[in-house]
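Structure assessment
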Amino acid sequence: MYDGFYNLNQKPFQLSSDPDFFFQSSVHRRALAYMQYGLTQGEGFVLVTGSPGTGKTMLVKSLIKNLNKDKLLIGVMVTSQVGPEDTLRLIASTFGFQYLHNDKASLLASFEKFIVEKAREGRRLLLIVDEAQNLPKQSLEELRMLTNLDVNGVPIFQVFLIGQPELKRTIYAADMEQLKQRIVSTYHLEPLDLEETREYILFRLQTAGWKGAPEFHAGIFVDIHEFSGGIPRRINTLCDRLLLYGYLEELSVLDSDAVEKVVSEVKEEMLLETVDTSDNKAFTPVNYSSAEAGTIEERLARLENQVIQLHDNACKEKALLRKAILIQLDMDSIYDDVGK
């Protein structure tokens with residue numbers, strides 16, 4: 001697809017979290033610093049929050065990449081709505097320790113035995129809970145109790161909670177005082193500003209082997225930042241579509257007009273996805289006998305509504321057609337990759 005057309009080594013704006021594409025913006029550098037400070041404390045909780053798409057998972061992968069695995073046993077757990085005992089089972093699955101029975105007492109005994117074994121090996125446990133806003137309060141309390149475990153007075157189990165802003169509201173509620181007192185470091189990820197949005201886009205392009213083709217007109221960074229709000233995932237989605245548009249139109253320069261067209265298509269698709277099917281009625285041909293009835297003003301009003309309906313249907317069909325083309329291109333790319 002467009003990566004070959006523009007002589008790129010790979011797709012620069014893929015949505016998967018590849019640490020090689022980690023852009024150390026001011027907010028992400030600071031978040032890493034807070035996480036690393038928390039690690040030096042070796043106990044309690046580190047809390048990192050951010051709106052969807054701000055780069056929390058990328059941040060976690062970049063942190064893990066540079067940690068000393070000989071000293072730390074790291075487990076990453078993606079949560080859903082699970083109760084306290086299911087949380088214990090998820091921890092067992094994450095770290096891979098065995099337990100004989102399903103009851104809570106057996107789970108806790110097995111976990112204590114496991115951390116003692118790791119302490120003898122000179123390792124402590126770091127549990128990173130992604131999407132932690134999904135955990136009920138009782139499960140968060142269970143994690144708090146586990147952080148109290150130690151070996152010969154030395155803390156051996158630490159938890160990083162990574163989640164959306166509602167996680168912070170949960171933890172700072174009046175009935176969560178004990179957990180709040182166990183937090184050693186906290187940080188909230190903000191979106192990128194305009195200048196860092198530009199630097200982010202150029203960094204990802206250069207990481208993918210970009211040599212200046214296509215050329216990015218200077219004015220488009222303002223347009224991209226305005227549409228994305230500085231959210232990295234939204235930037236990736238828009239820029240990926242922009243490069244695809246450039247490939248389909250065989251453009252060597254991407255400018256504000258190209259961004260405007262892609263944004264218009266994205267908005268049309270979003271509109272199509274939110275329209276209730278009950279309101280998405282097929283166009284009904286003009287009934288000339290009824291259209292000719294009434295006053296001139298009434299007839300003109302009916303005809304105007306018919307024209308508007310025709311235009312709306314044409315726009316929807318255009319968006320669906322382009323989406324079908326995009327899906328087909330993606331499928332062709334997958335088949336090409338499988339065939340290599």
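Residues numbered from 1 in each chain as written. Predicted model: local features only at pLDDT ≥ 70, side-chain atom pairs only at ≥ 80, totals over all residues. Heavy atoms only, no water.

1. Notes on the packing of helix α9 (residues 194-207) against helix α10 (residues 220-228)
Between α9 and α10, whose axes approach to 9 Å, the crossing angle comes to 105 degrees. When the interaxial angle is binned, α9 and α10 end up roughly perpendicular. Along its contact with α9, which presents Leu 194, Thr 197, Arg 198, Ile 201 and Leu 202, the element α10 presents Phe 221, Val 222, Ile 224 and His 225. (Axes fitted to C-alpha atoms, helices over the stretch in contact; angles between N-to-C directions. Helix = DSSP H or I, 4+ residues; strand = E, 2+ residues; numbered from the N terminus. Parallel < 35°, antiparallel > 145°, perpendicular 65-115°, else oblique. Contact = heavy atoms within 4.5 Å.)

2. Quick notes on α10
Every buried residue belonging to α10 is among Ile 220, Phe 221, Ile 224 and Ser 228, and all of these are buried. Angular distribution of buried residues about the axis of α10 spans 100 degrees; they occupy a single face of the element. Downstream of α10 by a residue or two, Gly 229 has a phi angle that is positive, lying close to 65 degrees. (Buried < 20%, exposed > 50% of the residue type's maximum accessible area, 1.4 Å probe, protein only. Arc of directions from axis to C-beta.)

3. Some thoughts on the pattern of salt bridges
Applying the stated criterion across every chain, the model contains 11 salt bridges. Ionic pairing is found between Asp 20 and Lys 65, a salt bridge with its closest N-O pair at 3.2 Å. Separated by 45 residues along the polypeptide, Asp 20 in the loop between α1 (2-5) and α2 (26-41) and Lys 65 in helix α3 (residues 56-65) bring together distant segments of the chain. Given a relative accessible area of 48%, Asp 20 falls into the partly exposed group. (Salt bridge = Lys/Arg side-chain N within 4 Å of Asp/Glu carboxyl O.)

4. Topic: the nonpolar core
Phe 160, Ile 201, Phe 216, Ile 224 and Leu 242 are the most contacted members of the largest nonpolar core, which has 52 residues in total. Residue contacts for Ile 224: discarding those within four places in its chain leaves Ile 201, Ile 235, Leu 238, Cys 239, Leu 242 and Val 259. (Core = buried A, V, L, I, M, F, W, Y, C linked by side-chain atoms within 4.5 Å.)

5. Considerations on the sheet that holds strand β7 (residues 183-189)
Spatially, β2-β3-β6-β1-β7 is the arrangement adopted by the 5 strands of the open sheet, whose pairing is parallel. This sheet does not close on itself; its edge strands, each paired only once, are β2 (72-78) and β7. Shown here is a sheet whose adjacent strand axes are inclined to one another by a mean of 15 degrees, direction ignored. Taken together, the 7 bridges between β2 and strand β3 (residues 124-130) define a ladder with parallel strand orientation. Of the residues in β3, the one forming a bridge with Ile 74 is Leu 126. Across the sheet, α3 lies against β1 (45-50), β2, β3, β6 (157-163) and β7, angled at about 150 degrees from β6, the strand it touches most. Seen against the sheet, helix α4 (residues 84-95) touches β2, β3 and β6 and runs at an angle of roughly 130 degrees to β2. (Pairing = 2+ DSSP bridges.)

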